[in-house]
Number of protein chains: 2
Amino acid sequence: MSSRTTVPFNRDSLEQILKRRFFYAPAFEIYGGVSGLYDYGPPGCALQANIVDTWRKHFILQEDMLEVDCTMLTPHEVLKTSGHVDKFADWMCRDLKTGEIFRADHLVEEVLEARLKGDKIARGKSAETEEEDADKKKRKKKVKEIKSVKLDDAVVAEYENVLAQIDGFSGKELGELMVKYDIKNPATDGPLEPPIEFNLMFETAIGPSGQLKGYLRPETAQGQFLNFSKLLEYNNEKMPFASASIGKSFRNEISPRAGLLRVREFLMAEIEHFVDPEDKSHSRFDEVRDIKLRFLPKEVQESGSNVVIEKTIGEAVDSGMVDNSTLGYFLARIYLFLLKIGVDSSRLRFRQHMSNEMAHYASDCWDAELQTSYGWIECVGCADRSAYDLSVHAARTNEKLIVREQLPEPVTVEKFEVEISKKKFGPKFRKNAGVVEKWLLSRTQCELEDFAAELAKNGKFNPKIDGVSEEIEITDELVKIEKVKRTEHIREFTPNVIEPSFGIGRIIYCIFEHQFWNRAGAEERGVLSLPPLVAPTKVLLVPLSSNQDLQPLVKKVSSYLRKEQIPFKVDDSSASIGKRYARNDELGTPFGITIDFDSVNDESVTLRERDSTKQVRGSIDDVVKAIKNITYNEGSWDKDTANLTPFESSSDA
Amino acid sequence: MSSRTTVPFNRDSLEQILKRRFFYAPAFEIYGGVSGLYDYGPPGCALQANIVDTWRKHFILQEDMLEVDCTMLTPHEVLKTSGHVDKFADWMCRDLKTGEIFRADHLVEEVLEARLKGDKIARGKSAETEEEDADKKKRKKKVKEIKSVKLDDAVVAEYENVLAQIDGFSGKELGELMVKYDIKNPATDGPLEPPIEFNLMFETAIGPSGQLKGYLRPETAQGQFLNFSKLLEYNNEKMPFASASIGKSFRNEISPRAGLLRVREFLMAEIEHFVDPEDKSHSRFDEVRDIKLRFLPKEVQESGSNVVIEKTIGEAVDSGMVDNSTLGYFLARIYLFLLKIGVDSSRLRFRQHMSNEMAHYASDCWDAELQTSYGWIECVGCADRSAYDLSVHAARTNEKLIVREQLPEPVTVEKFEVEISKKKFGPKFRKNAGVVEKWLLSRTQCELEDFAAELAKNGKFNPKIDGVSEEIEITDELVKIEKVKRTEHIREFTPNVIEPSFGIGRIIYCIFEHQFWNRAGAEERGVLSLPPLVAPTKVLLVPLSSNQDLQPLVKKVSSYLRKEQIPFKVDDSSASIGKRYARNDELGTPFGITIDFDSVNDESVTLRERDSTKQVRGSIDDVVKAIKNITYNEGSWDKDTANLTPFESSSDA
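Residues numbered from 1 in each chain as written. Chains lettered and ligands numbered in written order. Predicted model: local features only at pLDDT ≥ 70, side-chain atom pairs only at ≥ 80, totals over all residues. Heavy atoms only, no water.

Section: the overall build of chain A
Counting its secondary structure elements, chain A contains 23 helices and 29 strands. Projected onto its principal axes, the C-alpha coordinates of chain A cover approximately 105 × 65 × 55 Å. Out of the 653 residues in chain A, the part that is buried amounts to 54%. For chain A, the share of sequence-separated contacts (at least 6 apart) that also reach a separation of at least 24 residues comes to 70%. A total of about 29500 Å² of accessible surface is found on chain A, and carbon and sulfur atoms cover 47% of it. Looking at chain A, you have 91 positive and 108 negative side-chain charges, and the mean spots of the two groups are 3 Å apart. (Helix = DSSP H or I, 4+ residues; strand = E, 2+ residues; numbered from the N terminus. Buried < 20%, exposed > 50% of the residue type's maximum accessible area, 1.4 Å probe, protein only. Contact = heavy atoms within 4.5 Å. Areas by Shrake-Rupley, 256 points an atom, 1.4 Å probe, with all protein chains shown as cover. Lys, Arg positive; Asp, Glu negative; His and termini not counted. Charge placed at Lys NZ, Arg CZ, Asp CG, Glu CD.)

A look at the relation of the copies chain B and chain A
Rotating chain B by 180° and moving it 0.0 Å along the rotation axis overlays it on chain A with an RMSD of 0.2 Å. The relationship between the two copies is best expressed as a two-fold rotation axis. Of the C-alpha atoms belonging to chain B, the one lying closest to the rotation axis is found on Thr204(B), 2.6 Å away. When the interface residues of chain B are mapped onto chain A, 100% of them again fall at the interface, so both copies present the same face. (Least-squares fit on C-alpha atoms with pLDDT ≥ 70 in both.)

What to know about helix 22 (residues 620-632) of chain A
Residues and elements named next belong to chain A. Helix length check: helix 22 (13 residues) gives 18 Å between terminal C-alpha atoms against 18 Å at 1.5 Å per residue, within 8%. Listing the buried residues of helix 22 in full gives Ile 620, Val 623, Val 624, Ala 626, Ile 627, Ile 630 and Thr 631. Down the axis of helix 22, the buried side of the element spans an arc of 155°, and every buried residue falls inside it. The inward-facing, buried residues of helix 22 abut strand 24 (539-543), helix 19 (551-563), strand 26 (591-595), strand 27 (604-609), strand 28 (615-619) and helix 23 (637-640). At the exit of helix 22 stands Glu 634, carrying a positive phi of roughly 55°. (Expected span 1.5 Å × (residues − 1). Arc of directions from axis to C-beta.)

Digging into the environment of Gln551(B)
Residue and element names in this part refer to chain B. Structurally, Gln 551 is set in helix 19 (residues 551-563). Judged by its relative accessible area of 23%, Gln 551 is partly exposed. Separated by 44 residues in sequence, Gln 551 and Ile 595 place their C-alpha atoms 9.2 Å apart.

Structural notes on the interface of chain B and chain A
In this complex, chain B contributes 76 residues to the contact, which on the side of chain A involves 76 residues. Where chain B abuts chain A, roughly 6300 Å² becomes buried across the two surfaces, and 62% of that area is made up of carbon and sulfur atoms. Among the residues of chain B in contact with chain A, Ile30(B), Tyr31(B) and Pro208(B) are the three that bury the most area, contributing 13% of the side total. Where chain B touches chain A, the interface holds eight salt bridges. (Buried area = accessible area lost by both parts, 1.4 Å probe. Salt bridge = Lys/Arg side-chain N within 4 Å of Asp/Glu carboxyl O.)

Some remarks on helix 19 of chain B
Residues and elements named next belong to chain B. Its 13 residues give helix 19 an end-to-end C-alpha distance of 18 Å, which sits within 8% of 18 Å, the value for a rise of 1.5 Å per residue. Among all positions of helix 19, only Leu 553, Val 554, Val 557, Ser 558 and Leu 561 are buried. Across the axial projection of helix 19, the buried residues extend over an arc of 140°, all falling on one side. Opposite the packed face of helix 19, turned more than 90 degrees from it, sit the exposed residues Pro 552, Lys 555 and Lys 563. Lining the buried residues of helix 19 we find strand 24 (539-543), strand 25 (568-570), strand 26 (591-595), helix 21 (597-602), strand 27 (604-609) and helix 22 (620-632). Looking one or two residues beyond helix 19, the residue adopting positive phi is Gln 565, at roughly 55°.

Remarks on the sheet that holds strand 7 (residues 196-199) of chain A
Residue and element names in this part refer to chain A. Ordered by their spatial adjacency, three strands build an open sheet running 6-5-7, and the pairing between neighbours is antiparallel. A strand with exactly one partner marks an edge of an open sheet, and here the two such strands are strand 6 (101-103) and strand 7. Adjacent strand axes in the sheet meet at a mean angle of 45° when their direction is disregarded. In this sheet, strand 7 lies alongside strand 5 (residues 89-94) in antiparallel orientation, the contact comprising four bridges. When the sheet's bridge partners are listed, Asp 90 is paired in strand 7 with Phe 198. (Pairing = 2+ DSSP bridges. Axes fitted to C-alpha atoms, helices over the stretch in contact; angles between N-to-C directions.)

So, the UniProt feature "domain: Aminoacyl-transfer RNA synthetases class-II family profile" (unreviewed entry) in chain A
The UniProt entry lists residues 189-543 of chain A under the feature "domain: Aminoacyl-transfer RNA synthetases class-II family profile" (unreviewed entry), expressed in the numbering used here. With 26% helix and 37% strand, residues 189-543 of chain A has end C-alpha atoms that lie 62 Å from one another. (UniProt positions renumbered as here; feature names shortened; annotations may be inferred.)

Some remarks on the packing of helix 2 (residues 42-63) of chain A against helix 18 (residues 504-515) of chain A
All names here are of chain A. For the pair helix 2 and helix 18, interaxial distance at closest approach is 11 Å and the crossing angle is 110°. One element, helix 2, and the other, helix 18, form an angle in the roughly perpendicular class. Where helix 2 crosses over helix 18, the handedness of that crossing is right-handed. Of helix 18, the residues touching helix 2 (which contributes Leu 47, Gln 48 and Ile 51) are Ile 504, Ile 508, Ile 511 and Phe 512. (Parallel < 35°, antiparallel > 145°, perpendicular 65-115°, else oblique. Left-handed = near helix turned anticlockwise from the far one by under 90°.)

Notes on the side chain of Lys280(A)
Residue and element names in this part refer to chain A. Mapped onto the fold, Lys 280 is located in the loop between strand 11 (265-275) and strand 12 (292-296). Side-chain polar atoms of Lys 280 contact the side chain of Asp 384, separated by 2.8 Å. With residues up to four places along the chain from it excluded, the contact list for Lys 280 reads Val 275, Asn 324, Ser 325, Thr 326, Asp 384 and Asn 496. (Polar contact = N/O pair within 3.5 Å; in protein donor to acceptor, adjacent residues only side chain to side chain.)

Quick word on the environment of Ser325(A)
Residues and elements named next belong to chain A. As for its placement among the helices and strands, Ser 325 is situated in helix 13 (residues 325-340). Assessed through its relative accessible area of 11%, Ser 325 is described here as buried. Separated by 124 residues in sequence, Ser 325 and Met 201 place their C-alpha atoms 34 Å apart.

Notes on the pairing of strand 26 of chain A
Residue and element names in this part refer to chain A. The buried fraction of strand 26 is high, at five of five residues. The side-chain alternation of strand 26 yields two buried faces, one formed by Phe 591, Ile 593 and Ile 595 and the other by Gly 592 and Thr 594. Across five bridges, the pairing between strand 24 and strand 26 is parallel. By the bridge assignment for strand 26, Pro 543 is matched with Ile 595. Pairing analysis gives four bridges linking strand 26 to strand 27, with the strands arranged antiparallel. Looking at strand 27, one finds that Gly 592 is bridged to Arg 608.

Points about the state of the cysteines
The tally for this structure, following the rule as stated, stands at zero disulfides over all chains. Here Cys365(A) stays free of any disulfide, with the sulfur of Cys382(A) as its closest cysteine sulfur at 7.3 Å. The exposure class assigned to Cys365(A) is buried, which follows from its relative accessible area of 7%. Here Cys70(B) stays unpaired: no disulfide links it, and the sulfur of Cys45(A), its closest cysteine neighbor, is 8.3 Å away. Among the residues examined, Cys70(B) registers a relative accessible area of 3% and is labelled buried. (Disulfide = S-S within 2.5 Å.)

Section: the packing of aromatic side chains
The full count for this structure, using the stated rule, is 40 aromatic pairs over all chains. For the pair Phe425(B) and Phe429(B), a centre-to-centre distance of 5.0 Å together with 70° between the ring planes defines the contact as edge-to-face. With Phe425(B) and Phe429(B) both in helix 15 (residues 422-429) and four residues apart, the pair spans about one turn of that helix. Looking at Phe425(B), the relative accessible area reads 2%, which means it is buried. By the ring-pair criterion, three or more aromatic residues cluster together here, those being Trp55(A), Phe59(A), Phe337(A) and Phe502(A). The ring of Phe59(B) has Arg333(B) lying over it, and the distance from NZ or CZ to the ring centre is 5.9 Å. (Phe/Tyr/Trp six-rings, centres within 6.5 Å; stacked < 30°, edge-to-face > 60°. Lys NZ or Arg CZ within 6 Å of the ring centre and 35° of its normal.)

A few points about the sheet that holds strand 15 (residues 364-372) of chain B
Residues and elements named next belong to chain B. On the basis of which strands lie adjacent, the open sheet formed by nine strands has the order 3-10-11-21-16-15-14-12-13 and mixed pairing. Where the open sheet ends on each side, the last strands, each with one partner, are strand 3 (66-67) and strand 13 (309-312). Across four bridges, the pairing between strand 12 (residues 292-296) and strand 13 is antiparallel. Following the sheet pairing, Leu 293 is matched in strand 13 by Lys 311. Packed on one face of the sheet, helix 2 (residues 42-63) meets strand 3, strand 10 (241-250), strand 11 (265-275) and strand 21 (496-503) and runs near 0° to strand 11.

Some thoughts on a nonpolar patch on the surface
Residue and element names in this part refer to chain A. Taken together, Leu 544, Phe 597 and Val 600 make up a surface patch of nonpolar side chains, about 230 Å² in accessible area. Residue placement: Phe 597 occurs in helix 21 (residues 597-602). A residue is classified by how much of its surface remains accessible, and Phe 597, at 37% relative accessible area, is partly exposed. (Patch = residues over 30% accessible without salt bridge, like charges linked within 9 Å, V, L, I, M, F, W, Y side chains within 5 Å.)

So, in structure tokens, the structure goes:
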């Protein structure tokens, strides 16, 4: 159906259109803007709302997930426990003279890339194209000038090796690389301080005292974890189940770049699927088993290759490449979702994280990456967070975040148990009694075994207890620690969490790149081939002229469309039909309905398809029905317009 | 249809249900919670999503508004210009000894109320009921104890007078009241510092340097104003038009209270309707003209009364009580929206702000207030912000935020114009030349008239210019300022803004109170009569027993409901039908479908209506059709189930 040209993709031309049609724009632009902050205008906002709506139907409704809406403001203690206060950071280097701040890994990357380019020029291999050069300027690269300097072959190889691993270096390693390769402030050649950690969370104070430190959440996940017990109860204690949340998260990037791809405030859609760690199978896996995906597993990357392996998700799980069928199920569902909203499947791959790049909470992670002019971009993460989060919050708060499961038949277990002599315990430890008791009751089996041995040997032991400054001596008069046999009817466990996490803004940008093209024979005319399901507006309604006779029909068609809840716009401006359609091609509007003077006679209208510019003619009713089926009921142009009459017109370009 | 009891409303019983069914819960509860922050669980989240969806259809789609999604992070400069940095504050008093902080107006209010109660007790008039007392404790009132002390009649009258005006006092006045009435820390009787201003915005730093100060937005409006020119262009330069935005805003309350009614992070839905200041009429006003509303205009309040006036919005606008028909149109549309989502019209009034309580940007404001057990609550503000915001941002940024309108016929105007001699101007003022020129070109006509007079008299004048430290002398060699005649074809103006602004969380809480009741004859059974349109789940699907024979039909009905996109839940737990329905009455689920053994024979099912517990029986198809019509197509039980067979059952309570 499509007649797309082979004109090479031009990012500049896409960005001009996105700006002109106000899909998005830098926030606070009349104040000079703030980097990393963008506003969505009407078409961007509608596209985003449609993608979120599709996500909600595809994931939440299909799987009966429990959607929650938790606060963005989060107290310090929660994010301290989750590890974000200590570990959610990037490395930055300061130039003490100029006050400039660089993100260390990006700086090393840019400087080495620039040197490799300079080497290529010196070798006469290939100079940079003008277009690439323009790109650089737009991206505000720190390295403005490429110097033609030939490097040793060995140095070239070393640089290339560093660049391949650039996401995996620690701050110390980055500092060493900067020394080794003499990396300085590219603008002034001045010295830089060694990399220091910069926490990426926005900090604020909650309440008037200024003493309750808080952050804007870096992910929606923590709110879901903290509500685990309430959600389990809401779900009638049934496992497995998933919660989900759609909302903004925040990341105080050191130096945002690449437009919508790296921003400081972004919309996320996250699922936390809670499973039994001993059974991570998914009951609906067979529905997706035969779907073919493109994988880039960690072994391949570690061998220095980036050649994807194509196989079915069934094969991937069976072979153990993807750890379990729940993870596998979600990878396939993510794939189906992305295709539905306009991602080009040939530019989508699932890349497994290497162990040195995994987030602090993850035990395994596959990213859905989308290919763009900026390279491959992580758009959806699908991590196995194991029991990490529930465990740390439970330990910190002494709340049980567990599942209690009726065993099919009782089992007999032997285990160490603590029996406290309450009468003596209180008077002995006084104000510390509660803390000591809690501490004793939360020891592991191994610890209890040791204490039991000590009690047997010495009649006492002297533990060090957090929050108790006094010396504590526990004697066999105060406690008994013994191995006992119990018949258990209930199994208690902390669920593991499989987390598909979507960056909606990044996905939107990638769809723009995947669906933008220029019309053959009219290369200045850009088209955004957004799928009808997510297109901001579905129909452009155009009266051929501003003649009053056409107005009643415009109203009639409008009321039909409104009744069917199909978003549409009327364009009765004086511009030519061709111009009006061209404008809407840029807006990604998939259908046009033209009302002409024949329409006044027989109430027939013309329906135009954006990508092919094909036109058909029929009654208002039939045309609206076709639009509805194609847009919302997985119909197709060929099938759903078969009953309409092909129509030739010279009005379109 | 309803058989509601006259059992008095019991807030405690409502709150227990909302908590038990996880409509919402204190955020971070396992960490002890943070006051003023709440999470929405699955039913609350679905209710919120349905209300937002209804809002979007009722306002945005109906009026072709331009929806935008702007960032919450906002740089200091923007909110300095808008006036929020200086004026968005409450008054707080510190107890230097205990470190406690009180919100001054709330403290005065509570202390005087407590004294009035104590007076009543002393007079033996009426003691507080136990229930009211429990309420107090839940609300964490500062005044824990009511002392029985009789007051002079004159003092009682004075206190009552102060309480009636409590929203209008300045910090200084509150301080004077505290001295006059000897108001101290109620817990310790210790002295309090005089009230100081506390800005209610959450502050943070954007970027790694820590030097770009920012805030979390206190309203979504500013983002819409800053994008005004882009929106006007997107709208093909047509006026009037409205933008709209749905998103979270933040307010660092000094001491949050009253549950969802006063929180620190909340969902807002705001419309900015841009109109010509010389013509604030609305083209669709006639559609709403005859709707009757309940008004509480400022004159009535200022006379000390709170008796509402009921009249049509047409009469209200015609009489000038409501300033213009755009404001009137929105008041009526707000009314229709609130009714649609479950507000009780007899507990809704429109109260006009008195001049001493208006926000700093507003020239007139009507609040839709909803009555609850906490009193009348402002849920929707409808303010005329005049040209305030666009003017201050334009002045600060030197960007024109105006409309240029083709005049129907050219007009001749006489006005003062500045002509600058560029050649001499630059060399004379050097680095200041740009600032001085900009300053000159943005003077008002009055100022220019004065300067022209000075130039004529002295040949020079010496203005003081912001941002220029040097003495500036402007002579008649450098500029000419003269009255000239011009023929103008274009009229330029700054639009005024009418702003309907909705606090979604507050509305949700009020709907809970308006729609909660207890079943006659079974008072322990609470019912939430949420309208089907916004109810979290529309249908509860209950197989009569867990017998396997019923399962195929459960699947069949499920697939019918899924196909029609009707949110439903299956409850195949072993609880009795009555219990299962009782649970769903609490969740506000309007319909139940029961599958019994007769269903297996003839595929008929029973449909139950929540409020009346009426039941009817029919085919799956007919039952689903009835549900769909009542829920989404403004149908009614009587009309849409007329074709079904009345059904008697003993299963319901």
